[in-house]
Amino acid sequence: MLQKGRVMADDQRAELVGLVLQGGGALGAYQAGAYEALMKAGWAPDWVAGISIGAINAAIIAGNPPERRVERLACFWNRLSGNLMAMPPEGTDYRSWFNEASAAMTTAFGLPGFFRPRTLSPLFSARGSCGAISFYDTAPLRETLLELVDFDLLNSGAVRLSVGAVNVTSGNFAYFDTENMTVTVDHVMASGALPPSFPPMEIDGQMYWDGGLVSNTPLQYVLEDAGPHEDMLLFQIDLFDARGEVPQTIWDVEHRIKDIRFSSRTRLNTDRFRQLQRLRRAARRLYGKLPENLKQDADALLLEEAGCDADVTVVHLIHRLAPYTKQSKDYEFSRASVNEHWTAGTNDVVRTLRHPKWLSRGKPKEGVAVFDLAREG
């Protein structure tokens, strides 16, 4: 039996609780609010995986004791939203203008505790230098992470942490995982090094950019790396909605492009995993039906190796934004918007955990169950 997680009422095997955090810049406050609600409901994660801003949230969670995690998340998000704390005007159009002004301030002045504009344009910086390949300096983020994250605790094994980045020269995706290595501030920053705004991070002689360039969610990694006999409950918290309407303006086009590009087709991943899980469970059952004289056959042993009896439940939470939100949503860090994102995450978790389908859930049929209940209310 697992040493972590919860035991289902109809089973003696524990579920490992995972938190899967998508990238999305300013929208990441939604994940912090969702985490706060999950903690209050008693769903502390055993494994946290993230990309980009999701990796930063994940590091703050894994690098603090449970009683300090929400406080540290709030400190981080309050610091980032310190440039514009004015109350926004009422009305959709006015609020849109307010948000665009906030995004423009971020572009011009950077964010406290996160990044600052470079004094010299990349066009005039020395070839190959960080200044020549990025617009902003992320030294403030390093200082913030070292202040808010206990990296000794993060690597202690109390909570597993996985963050994803992409190798600049090979284009290959890489995960930095406390299960098999020591994760440092550089690994976390590499996962959030989105070009051309931010410079790549050098790790063991290799340069890494934001993992969202390849995949904006670590869901597939978590599903593939879990053990074949390890029941899991995963809270997948997405910041971009793959579903949307036909654009009406050029700004709507940019907004929609971001949603499609960074939603990472979470539903496609879960649908494919459901099919794969059915096959793996069938392989395990079939191996058990074989006569003893066939169980050592090479093909039979391959079936046994591929077999699986794990039950996996995925709770899908998607940040669905207000109509005044535009294409700048991922770099619009006003205090009003950050607070709204946080509250939306909290409310969606509360609605999900109160939903009759959640309250009556049992062992997943055919090994996989997917809940998307916040939309239903």
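Model, not experiment: these values are computed from the prediction. (Residues numbered from 1 in each chain as written. Predicted model: local features only at pLDDT ≥ 70, side-chain atom pairs only at ≥ 80, totals over all residues. Heavy atoms only, no water.)

## Some words on the nonpolar core
Within the largest apolar cluster, 70 residues are counted, with the highest numbers of intra-cluster contacts made by Leu 19, Ile 56, Phe 76, Trp 77, Phe 114 and Phe 235. In terms of residue count, helix H2 (residues 53–62) provides more of this core than any other element does, eight residues in total. Membership of the second largest hydrophobic core comes to 17 residues, among which are Val 20, Tyr 221, Ala 226 and Val 368. (Core = buried A, V, L, I, M, F, W, Y, C linked by side-chain atoms within 4.5 Å. Buried < 20%, exposed > 50% of the residue type's maximum accessible area, 1.4 Å probe, protein only. Helix = DSSP H or I, 4+ residues; strand = E, 2+ residues; numbered from the N terminus.)

## Brief notes about the environment of Gly 50
With respect to the helices and strands, the residue Gly 50 is situated in strand E3 (residues 47–51). With 30 residues separating them along the chain, Gly 50 and Val 20 place their C-alpha atoms 5.9 Å apart. Beyond its immediate chain neighbours, meaning those up to four positions away, Gly 50 contacts Leu 21, Ala 55, Ala 58, Ser 162, Val 163, Gly 164, Ser 191 and Pro 218. (Contact = heavy atoms within 4.5 Å.)

## Quick look at the pattern of salt bridges
Taken as a whole, this structure holds 20 salt bridges when the rule is applied. Close ionic contact of Asp 225 with Arg 160 constitutes a salt bridge, the shortest N to O distance being 2.4 Å. In this pair, Asp 225 sits in helix H8 (residues 219–225) while Arg 160 sits in strand E6 (residues 160–167), placing the two residues 65 residues apart along the sequence. With a closest N to O distance of 3.5 Å, Arg 320 and Asp 372 form a salt bridge. Linking Arg 320 in the loop between strand E11 (312–318) and helix H12 (335–354) with Asp 372 in the segment after strand E12 (368–371), this pair joins segments that are 52 residues apart in sequence. Since its relative accessible area comes to 27%, Arg 320 is described here as partly exposed. Ionic contacts of the salt-bridge type, sharing partners, join the residues Arg 160, Asp 177, Glu 179 and Asp 225 into one network. (Salt bridge = Lys/Arg side-chain N within 4 Å of Asp/Glu carboxyl O.)

## Quick word on unusual backbone geometry
Cis peptide bonds are those with omega within 30 degrees of zero, and the linkage from Pro 195 to Pro 196 qualifies with 0°. Inspection of the secondary structure assignment puts Pro 196 in the loop between helix H7 (185–191) and strand E8 (201–203). Notably, Ser 52 is not glycine yet its phi reads approximately 60°, a positive angle. With respect to the helices, strands and loops of the structure, Ser 52 is situated in the loop between E3 and H2. On the accessibility criterion, Ser 52 (13% relative accessible area) is buried.

## Points about the UniProt feature "active site" (unreviewed entry) in the chain
According to UniProt, the "active site" (unreviewed entry) feature falls on Ser 52 and Asp 210. A stretch of 159 residues holds the annotated residues, and the largest C-alpha distance among them is 5.9 Å, short enough that they meet in one place. Setting aside its immediate chain neighbours within four residues, Ser 52 contacts Gly 23, Ser 191, Gly 192 and Asp 210. Ignoring sequence-local partners within four residues, the contact set of Asp 210 consists of Ile 51, Ser 52, Ala 165, Val 166, Ala 190, Ser 191, Gly 192, Ala 193 and Leu 194. (UniProt positions renumbered as here; feature names shortened; annotations may be inferred.)

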